[in-house]
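The chain contents come next:
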Amino acid sequence: LYNVPPPGDLVSCMAALVKSNDPNLVQLLTHRFKGDRYGKDKELGGQKLGNLILTAMLDITGNFEKAIELFKKTFNVSGNFLPATTEMVSISAKTIEGKIIHREEIIDTGKYRGIRILEKVFLNPPDAKANPKFIQSLADADVIVAGPGDLYTTILPVLIVKGVNIALSKSKAQKIFVVNITNKPFETRGYNVNDYLASVKRHLGDFPFNKIIVNNNYHPVIPSGLKYKYVKIDGFEDKSLIKLIKNDLVDEKFPLYHNSQKLAK
């Protein structure tokens, strides 16, 4: 309806870097109204408040980068936030049996017939140009971290933007890939660490990261109704150029995700 680049992950990142001692502000920006998050754009139900605010700011400024700057100024957010591409893109995916699935919500929720295990993700249009500022930030970085996040609908769509892989390969930075705590049912079901590496190689032609961070605490019980399983290190092929860093990183209160303090340390 408003022709807005997907704001969800961007808003979550900005909310995490709000320079305020008031936790209510972060909670407010990430608050999602009750309803279907993949419902109609005209409906309030399922929408995240921060997404609505950023959309309003885009409406006011007429420019996505200016909207980001206004958001940062309004909520006292530190850091820079650069989309990998400023072009309007969508994603499609191919399953292991060759079925092509369109739209993130369908990929994310597995609302299609057949084997719901993904093999590859694509951008539409496939030749969307990388944001020059984003590419320059990779060249200037001391450390580059990919993840954690949904492999096929969050991480890979950034890495496959045209020019990003070349920039990563040229970068002299420490390049770190953070493997998820658990596997999402309709994206990475049954994946171990090697499968994450193989998926990145399948999309980029190589694995441009020199360190992998992975959780090794599988003790917290995941509620069976959630259908998530831990990502295991089993069978990791030790590479001389890739250092595996394993530690207790799980959030024991909600074991689908990382404990941010453990991961940061």
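Scroll up to find the structure this text is about.
For the structure given in this document, a descriptive report is provided here. Each chain carries its own residue numbering, running from 1 in the direction its sequence is written. Thresholds applied to this predicted model are a pLDDT of at least 70 for local features of residues and 80 or more for the giving and counting of side-chain atom pairs; totals over whole chains, interfaces and linings are not thresholded and use all residues. Side-chain numbers here rest on the full set of heavy atoms in the structure, without hydrogens or water.

**Things to note about the overall build of the chain**
Next, step 1: Broken down by element type, the chain carries ten helices and nine strands.
Next, step 2: What you see for the chain is a C-alpha radius of gyration of 19 Å, in line with the 18 Å of a compact globule of 265 residues.
Next, step 3: Relative accessible area decides the class of each residue, using a 1.4 Å probe on protein chains only: under 20% of the type maximum gives buried, over 50% gives exposed, and in between gives partly exposed. Within the chain, buried positions represent 42% of all 265 residues.
Next, step 4: Accessible surface for the chain amounts to roughly 15000 Å². Of this, 53% is attributable to carbon and sulfur atoms. Helix and strand labels come from DSSP, where a helix needs a run of H or I of at least four residues and a strand needs a run of E of at least two; each type is numbered from the N terminus. Based on C-alpha atoms, the radius of gyration is set beside the globule rule, defined as 2.2 Å times the residue count to the power 0.38. Values of accessible area rely on a 1.4 Å probe in the Shrake-Rupley scheme; residue burial ignores everything except the protein chains shown.

**Topic: the pattern of salt bridges**
Next, step 1: Should a side-chain nitrogen of Lys or Arg be within 4 Å of a carboxyl oxygen of Asp or Glu, the pair is scored as a salt bridge. Summed over the entire model, instances satisfying the criterion amount to seven salt bridges.
Next, step 2: The shortest N-O distance in the salt bridge between Glu69 and Lys72 comes to 3.5 Å. Taken together, the positions of Glu69 and Lys72, both in helix 4 (residues 64–75) and three residues apart, correspond to about one turn of that helix.
Next, step 3: On the basis of relative accessible area, Glu69 is assigned to the partly exposed category, the value being 45%.
Next, step 4: Between Arg103 and Glu105 there is a salt bridge, with the nearest N and O atoms lying 2.5 Å from each other.
Next, step 5: The network of salt bridges with common partners includes Asp108, Asp150 and Lys184.

**Some points on the packing of aromatic side chains**
Next, step 1: The pairing test for Phe, Tyr and Trp rings, Trp by its six-membered ring, is centres within 6.5 Å, and the orientation test on the planes gives stacked under 30 degrees, edge-to-face over 60, and tilted for anything in between. Within this structure, the stated rule accounts for eight aromatic pairs.
Next, step 2: Geometrically, the ring pair formed by Tyr191 and Tyr196 is edge-to-face, given 5.7 Å between the ring centres and 90 degrees between the ring planes.
Next, step 3: Take Tyr191: its relative accessible area is 10%, and that puts it in the buried class.
Next, step 4: An aromatic cluster of at least three residues, connected via ring pairs, comprises Tyr152, Tyr191 and Tyr196.

**Things to note about the sheet that holds strand 3 (residues 118–124)**
Next, step 1: Across the sheet, which stays open at both edges, the three strands sit in the order 2-1-3 with antiparallel pairing between neighbours. This sheet does not close on itself; its edge strands, each paired only once, are strand 2 (100–102) and strand 3. Within the sheet, the average angular offset between the axes of one strand and its neighbour, ignoring direction, is 25 degrees.
Next, step 2: Bridge count for strand 1 (residues 90–95) against strand 3 is six bridges, and the pairing is antiparallel. Should DSSP find at least two bridges between two strands, the strands are regarded as paired. A fitted line through C-alpha atoms represents every axis, and for helices the fit uses only the stretch in contact; the resulting angles, taken between N-to-C directions, go from 0 to 180 degrees.

**Digging into the nonpolar core**
Next, step 1: Definition used in this section: a nonpolar core is a set of buried Ala, Val, Leu, Ile, Met, Phe, Trp, Tyr and Cys residues joined via side-chain atoms within 4.5 Å. Membership of the largest hydrophobic core comes to 41 residues, with the highest contact counts inside it found for Phe177, Val179, Val193, Phe207 and Ile212.
Next, step 2: With sequence-adjacent residues up to four places away left out, Ile212 is seen in contact with Phe177, Val179, Val193, Leu197, Phe207, Phe236, Ile242, Lys243, Leu244 and Ile245.
Next, step 3: Counting 17 residues, the second-largest nonpolar core is a separate cluster that includes Val11, Ala15, Val18 and Val77. Whether two residues are in contact is decided by their heavy atoms, any of which lying within 4.5 Å being enough.

**Observations concerning the side chain of Ser199**
Next, step 1: Here Ser199 lies in helix 9 (residues 193–204).
Next, step 2: Once residues within four sequence positions are removed from consideration, Ser199 is found in contact with Leu151, Tyr152, Leu156 and Tyr191.

**Quick notes on the side chain of Asn51**
Next, step 1: Relative to the elements of secondary structure, Asn51 occurs in helix 3 (residues 49–61).
Next, step 2: Every residue in contact with Asn51, bar those within four places of it in the chain, is listed here: Pro7, Gly8 and Val11.

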